[in-house]
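# Reading the structure
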Amino acid sequence: MARKLKLTKSDRLYKEACQLIPGGVLGIRRPYNFVPGEYPIFFESGKGGRVIDVDGNEYIDMLCAYGPIIIGHREEEIDEAVIEQIRNKGFCFSLTQRTQNALAKKMRELIPCAEQSLFVKTGSDAATAAIRIARAYTSRSKVARCGYHGWHDWCVEVKAGIPQKLYEDVYEFHYNDLTSLEAIMSQHGSETAAIIITPIGHPLSAKVEEPKDGFLEGVKEIAERYGAVLIFDEIRSGFRVSLGGAQELYNVIPDLSLFGKAMGNGYPISAVVGKAEIMDVARDKVFISSTFFPNSLGQIAALKTIEIMERDKILTKVREKGSKFCVAVEEIVSASGIPCEFSGAPLMPFITFIKDKEQHYKELRNQFYTELIRRGLFLQPYHHGYIAYRHTDEDLKQATAAIADALAAIKNESIKQANHNSSSYRS
Ligand SMILES: Cc1ncc(COP(=O)(O)O)c(C=O)c1O
């Protein structure tokens, strides 16, 4: 095994945090979402495609803050645009700044369904706003959903603290499975306000899936047949698979859509975009407002991020980098002799372990992700990774080598274990 990392300062800060913050750190950043004892818990800084933890260990960052980092950490042009706004104009006012209109025009220019936009701060905000708009537009209450849409009451998986009546109208269907959607709609279609789906399938811990031929078209046809609003949750796919999102890539245009994460290269900004006729209910029927929604820093960051993406053809280059990396990793994974699979090529790479009855896969998964972090590659065992523009050829070469070495190390370990078992059996 590679040598264990020194994580003394992370551990100390975590102990302190546990006295101050319930659980020490929030949700998906908690140690149990990695390999406890092996992963850092606090980062100090990041630059380009790399991050440094509080103990000074450096990693190639392929989790990219769970998606927002599409260009790279501390991207100077974007930070400068934000700093200029802070210094010269300010960003938190009782009225709206003109950046709103500029960003809405950009969204309309790039995203097929975006006749109108409204800007909020997180993916959860955008998903909840879109569901409220769809319910008001249709005067219906039920929702069919597929994918993760955030932490709000109507959709979060962990139900503690949420009265059942707040989610009982929400039904889940499976990605690439029209029958599961049809089953919901044939029973509840006339009362269904919205079908919301991530256009690329990325369930937690499971393989990333692209839509099968006709799947997204089929979802759209069902939505139209039952008069439900079709919402694409493009929080992960937006400004990543193409500037116009997965709707542009697959040429299936929803009624409404959500963007966030990569849109501002890390600054908090998200959007609901869609057909004017439907978005119009947000004019005088539904109430969507928050002290910080019009705060312009995220809008400035998004305008600059999008400008750079267009100017430097960032997404084409990210796709090229991702394709090269994923071809190499896919070969390594399939030749490894370890029961694991590769998915998510070319932009959301993920190595998952094939489930077995004895649940050895959990041990293999822990060993593998331990070997990776010890070799300086930051990924998460239950979540796919991402490619960023600032990942250099050298970063991706090192990441590929780390994956090959980690798989070889666990293969050796399992051979040693098998030899040990057979010799103890003989003796
Ligand atoms: C597809 C999708 N929708 C919505 C969300 C919620 O976004 P946020 O965490 O910004 O609230 C996420 C977050 O990971 C997501 O991946």
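Since we're looking at a predicted model, the values are computed, not measured.

Here the focus is the overall build of the protein chain. The helix and strand tally for the protein chain stands at 13 helices and 13 strands. At 23 Å, the protein chain has a C-alpha radius of gyration in line with the 22 Å of a compact globule built from 427 residues. The dimensions of the protein chain, computed from C-alpha atoms along their principal axes, are 80 × 55 × 45 Å. The burial tally for the protein chain puts 45% of its 427 residues in the buried class. Looking at the protein chain alone, contacts between residues at least 24 apart form 74% of all its contacts between residues at least 6 apart.

This part covers the packing of helix α5 (residues 178-188) against helix α6 (residues 215-226). When two helices pack together, their arrangement is given by the angle between their axes and by how far apart the axes lie. In contact at an axis separation of 10 Å, α5 and α6 are set at 10° when each is read in the N-to-C sense. By the angle between their directions, the pair α5 and α6 is classed as roughly parallel. Contacts between α5 and α6 involve L178, L181, E182 and M185 on the former and, on the latter, F215, G218, V219, I222 and Y226. A per-class count over the contact of α5 with α6 returns 7 nonpolar, 1 polar and 1 charged.

Parsing the protein chain into structural domains produces domain 1 (8-73 + 313-417) and domain 2 (76-311). Taken over C-alpha atoms, the centre of domain 1 sits 27 Å from the centre of domain 2. The interface is formed by 18 residues belonging to domain 1 together with 20 residues belonging to domain 2. Broken down by secondary-structure element, the contributors of at least two residues to the side of domain 1 that touches domain 2 are α11 (314-335), β11 (340-343) and β12 (350-353). Here the residues of the side of domain 1 that touches domain 2 sort into 11 nonpolar, 6 polar and 1 charged.

So, about the nonpolar core. Within the largest apolar cluster, 115 residues are counted, with the highest numbers of intra-cluster contacts made by A130 and I231. Counting residues per element, this core draws most heavily on helix α4 (residues 123-138), at 8 residues. Both domains that furnish three or more residues to this core are identified here as domain 1 (8-73 + 313-417) and domain 2 (76-311). The contact partners of I231, leaving out residues within four places of it in the chain, are A130, A134, A194, I195, I196, P254, D255, L256, S257 and L258.

The subject of this paragraph is the pairing of strand β10 (residues 270-274). Burial analysis of β10 places 5 of its 5 residues in the buried class, the great majority of the element. The alternating pattern of β10 places S270, V272 and G274 and A271 and V273 on opposite faces, both of which are buried. Note: strand β9 (residues 256-259) against β10, 4 bridges, orientation antiparallel. The residue bridging L258 from the neighbouring strand is V272, located in β10.

Around the ligand, the surrounding shell holds 14 residues, and the nearest of these are T122, G123, S124, G150 and I235. Ranked by residues supplied to the shell around the ligand, first place goes to α4 with 3 residues. In terms of residue class, the shell around the ligand is made up of 4 nonpolar, 8 polar and 2 charged.

Once that is clear, we can look at the sheet that holds strand β3 (residues 58-61). Ordered by their spatial adjacency, 4 strands build an open sheet running β1-β2-β3-β13, and the pairing between neighbours is mixed. The two strands at the open ends of the sheet, each matched to only one other strand, are β1 (43-47) and β13 (377-378). Of the pairings in the sheet, the one linking strand β2 (residues 50-53) to β3 comprises 3 bridges and is antiparallel in character. Within β3, the residue paired with R50 across the bridge is I60.

Looking at the secondary structure, you find P112 in the loop between α3 (99-110) and β4 (116-120). Considered as a pair, P112 and N251 are 139 residues apart in the sequence and their alpha carbons are 8.8 Å apart. When residues no more than four places from it in sequence are discounted, the contact partners of P112 are G244, Q247, E248 and I253.

Where helix α2 (residues 76-88) contacts helix α10 (residues 297-311), the two axes come as close as 9 Å, and the packing angle between them is 145°. Considering only the axes of α2 and α10, their crossing is right-handed. Along its contact with α2, which presents E77, I78, A81, V82 and Q85, the element α10 presents L297, I300, A301, K304, T305 and I308. Residues of the contact of α2 with α10, tallied by class, amount to 7 nonpolar, 2 polar and 2 charged.

Glancing now at unusual backbone geometry. For the bond running from A345 to P346, omega is 0°, close enough to zero to count as cis. One can find P346 in the loop between β11 and β12. Although it is not a glycine, R74 sits at a positive phi angle of roughly 50°. Tracing the backbone shows R74 in the loop between β3 and α2. Positive phi outside glycine occurs at S139, with the angle close to 55°. If you trace the backbone, S139 turns up in the loop between α4 and β5 (142-146).

Cut-offs applied
- Residues numbered from 1 in each chain as written.
- Predicted model: local features only at pLDDT ≥ 70, side-chain atom pairs only at ≥ 80, totals over all residues.
- Helix = DSSP H or I, 4+ residues; strand = E, 2+ residues; numbered from the N terminus.
- Rg over C-alpha atoms; globule rule 2.2 N^0.38 Å.
- Buried ≥ 20, exposed ≤ 12 C-beta atoms within 10 Å, placed from the backbone.
- Contact = placed C-beta atoms within 7 Å.
- Axes fitted to C-alpha atoms, helices over the stretch in contact; angles between N-to-C directions.
- Parallel < 35°, antiparallel > 145°, perpendicular 65-115°, else oblique.
- Nonpolar A, V, L, I, M, F, W, Y, C, P; charged D, E, K, R; others polar.
- Domains from an automatic or database assignment.
- Core = buried A, V, L, I, M, F, W, Y, C linked by C-beta atoms within 7 Å.
- Pairing = 2+ DSSP bridges.
- Near = placed C-beta within 6 Å.
- Left-handed = near helix turned anticlockwise from the far one by under 90°.

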